[in-house]
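A look at the structure
Letter by letter, the chains look like this.
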Amino acid sequence: MTTAALQIKKGISISCLATGVVKAVRTIQWILPHVLFAVLLTLIFTPGADDSTPKGAFLAVLAIGETALLLRRNSRSLNDIMVILYLLFIVWEIGTTKADDVNLILYPSPAKVFDVFATDWPKILDGIRSSLYLLGVGFTAALILGVLLGIATGSVARLRDSLLPLAKVISPIPPIIYTPYAVAVLPTFEIASIFVIFSSIFWQIYIQVALSVSSIDQKLLDSAKTMNLSAAAMFFHVLWPYCLPNIMKTLPISVANAFMVLTAAEMIGATSGLGYFVRYYADFADYTRVIAGIFLIGIVVSALNYGIAGLERKVVRWH
Amino acid sequence: MHKIEISNVSLTYNDDGTVYNALDQMNFSVEPGEFVSIIGSSGCGKSSTLSILAGLREPTEGQFLIDGNVSHGTGRNRGVVFQHYSLFPWMTAEENVAFGIRQAFPDTTEKEASDIARAYLVKVGLEGFEEKYPYQLSGGMQQRTAIARTLAMQPEILLLDEPFGAIDARNRILLQDLLLEVLSKEKEQKTIVFVTHDIDEAILLSDRILFMDQKHILEEFYVPFSRPRNREQIFQSQEYIRMRQALLSCFFQGIRDKIGGEEVVL
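One structure accompanies this document, and this report is about it. A quick note: this is a predicted structure, and the numbers were derived from the prediction, not measured.

**Remarks on the overall build of chain A**
Helices and strands together make up the secondary structure of chain A, namely twelve helices and zero strands. Taken from the N to the C terminus, the helices and strands of chain A come in the order α-α-α-α-α-α-α-α-α-α-α-α. Taken over the C-alpha trace, chain A has a radius of gyration of 28 Å; the compact-globule value for 319 residues is 20 Å, which it surpasses by more than 25%. Oriented by its inertia axes, the alpha-carbon framework of chain A measures out at about 85 × 70 × 30 Å. Looking at chain A as a whole, 40% of its 319 residues qualify as buried. In chain A, once contacts between residues fewer than 6 apart in sequence are set aside, the share between residues at least 24 apart is 73%. Roughly 17,400 Å² of accessible area belongs to chain A as shown, and the carbon and sulfur atoms make up 70% of that amount. Of the side chains in chain A, 23 bear a positive and 18 a negative charge, and the two mean positions are spaced by 15 Å.

What follows is the structure in structure tokens.
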């Protein structure tokens, strides 16, 4: 064999090796979450500090993760997400049940935290309902008033020049700061928290709408004017749809802000709701339920944002 | 009686203290059913003229009359097609046209408006594109939709502000032919004012061409060709060549004046 042929053969074998390595890495990548899942299962059923808590809820959560992995086998991001989650669960499980000197009151095991969802679900549902009610009322009021006033402010130069500077001074005040005073002054906690939620969303929508209306393309307005639109048609068919995409874009941030304010308010003066749930059990040093409540708030906010994203796709189809 | 009469009209903009003269002592009139083009280089005031005709601006001095009556503001008797952004981005082609119909004729039901809209979209060659949003349509298709909407609103006067100015050459030819064809099929002959900077387009489409410079009408040309017009025949005729030459020299006269009377060598 000539040297050239030898070199080619060497090159081929190296490239074969490279593809082999790549293939192996890929296989490991797909198997890794399932391996971690098996490790986690072994850990759960190994005797440790917390063997009395029912494990059903925790296992159910893991089963959901595994099912999602098996259903969407081609999703690399889901694969990576599950690897990270399983690693976190493993650390959590070992840290709270298998390590020396564990303190299950301050550092509850995953089984204990997830078990709260299984046992306390009527209370949890009630908390969600109560929080979403306050959020819904405050939010709707802020949306309607914000859009109406925003469009008026944006389209009348005099209002724009006087109200927008004022709004820019008032809006940066964190609405959370109103809470103690609002709770003290307003007749019921319900009204107080609706007010605080309202002010946490209103300014954002109002300023957003006022700015987008004032920067609307003059040509679009001219076109609308030459069609002799009535004031109502101008509002509902031109200005409102013009602002809608921007409003939908700020909505997730608004909702997150409002939820932050709401839960904080609930921690101060409520007798129901998600924030109340967390504070109430913190008073009894029941940190298992506190952590479950924190998880719950994360899940509810994510679900809301997911809903908004879906709504945006449905409502804003012209982009 | 003239359909449109512009008499001694001046227009000044007041932009933060600096006064800008857009139109200066302008006079012209348009007869019922006439197709008049206003031609001129950019900044000569032709778009300002159209915005007065549309009712978007009021003359600072002078009078704007329709059918002998002073006209203020926009009105149902006029329809406008702009160069850009006439359509509402949040409505499909059909919704845009139907919306126009419902504004012009509030008694129309949604179903009727949508049927009429579809018929007009077919007329401008947009069958099958009814459900598309403007961003999904090419520039030419958007202008077809805008023309369909304006015609569907059945104005007596049609105002077109460089409607094909942003369209590529091939599509511009198609749209010019389409405009002539659609207009010839309308029950009542529309009175049309068409603003353009394209000499060929003006000759092909209009009955009369007004050359505009220095913020008023400088020259007037009657276009001698009978209708229906044939593009090739017109472009080969002697009258066309003479007319084009005359219009071109108007343009260059303007340029000579601007650079101080020196001879322009091209």
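**What about the pattern of salt bridges?**
Residues and elements named next belong to chain A. Throughout the structure, instances matching the rule amount to 20 salt bridges over all chains. A salt bridge links lysine 98 to glutamate 93, with the nearest nitrogen and oxygen atoms 3.2 Å apart. The exposure class assigned to lysine 98 is partly exposed, which follows from its relative accessible area of 25%. Linked through salt bridges whose partners overlap, the residues forming this network are Asp120, Asp286 and Arg289.

**Observations regarding the interface of chain B and chain A**
On the side of chain A, 20 residues touch chain B, which itself brings 23 residues to the contact. For the pair chain B and chain A, the two sides together bury roughly 1,900 Å², of which 67% comes from carbon and sulfur. On the chain B side of the interface with chain A, the three residues burying the most area are B:Tyr85, B:Phe88 and B:Trp90, jointly 32% of the side's total. Applying the counting criterion to the chain B and chain A interface returns zero salt bridges.

**Topic: the nonpolar core**
Membership of the largest hydrophobic core comes to 86 residues, with the highest contact counts inside it found for A:Leu62, A:Tyr86, A:Phe89, A:Val209, A:Leu229 and B:Phe88. At 15 residues, helix H10 (residues 231-269) of chain A tops the list of elements feeding residues into this core. Aside from chain neighbours lying at most four places away, what touches A:Tyr86 is A:Pro33, A:Leu36, A:Phe37, A:Leu40, A:Leu62, A:Gly65, A:Glu66 and A:Leu69.

**Some details on the sheet that holds strand E9 (residues 208-213) of chain B**
Residues and elements named next belong to chain B. Read across the open sheet, the six strands follow the order E6-E7-E8-E3-E9-E10; overall the sheet is mixed. Strands with a single pairing partner mark the edges of an open sheet, and in this sheet they are strand E6 (78-81) and strand E10 (216-222). Each strand axis lies, on average, 20 degrees off the axis of its neighbour in the sheet, ignoring direction. Relative to E9, strand E3 (residues 35-39) runs parallel, the two being bridged by four bridges.

**Looking at the side chain of A:Thr288**
Tracing the backbone shows A:Thr288 in helix H12 (residues 287-315). Leave out the neighbours within four places in its chain, and A:Thr288 touches A:Pro108, A:Lys112, A:Val113 and A:Val116.

**Notes on helix H3 (residues 110-123) of chain B**
All names here are of chain B. Helix length check: H3, at 14 residues, gives a terminal C-alpha distance of 20 Å against a target of 20 Å (1.5 Å per residue), a fit within 8%. Among all positions of H3, only Ala113, Ser114, Ala117, Tyr120 and Leu121 are buried. Buried positions in H3, seen along its axis, are confined to an arc of 125 degrees and lie on one side of it. Next to the buried residues of H3 lie helix H2 (93-104) and helix H4 (139-152). With its phi angle positive at about 80 degrees, glycine 125 sits one or two positions after the end of H3.

What counts as what
Residues numbered from 1 in each chain as written. Chains lettered and ligands numbered in written order. Predicted model: local features only at pLDDT ≥ 70, side-chain atom pairs only at ≥ 80, totals over all residues. Heavy atoms only, no water. Helix = DSSP H or I, 4+ residues; strand = E, 2+ residues; numbered from the N terminus. Rg over C-alpha atoms; globule rule 2.2 N^0.38 Å. Buried < 20%, exposed > 50% of the residue type's maximum accessible area, 1.4 Å probe, protein only. Contact = heavy atoms within 4.5 Å. Areas by Shrake-Rupley, 256 points an atom, 1.4 Å probe, with all protein chains shown as cover. Lys, Arg positive; Asp, Glu negative; His and termini not counted. Charge placed at Lys NZ, Arg CZ, Asp CG, Glu CD. Salt bridge = Lys/Arg side-chain N within 4 Å of Asp/Glu carboxyl O. Buried area = accessible area lost by both parts, 1.4 Å probe. Core = buried A, V, L, I, M, F, W, Y, C linked by side-chain atoms within 4.5 Å. Pairing = 2+ DSSP bridges. Axes fitted to C-alpha atoms, helices over the stretch in contact; angles between N-to-C directions. Expected span 1.5 Å × (residues − 1). Arc of directions from axis to C-beta.

Keep in mind these values describe shape, not function.
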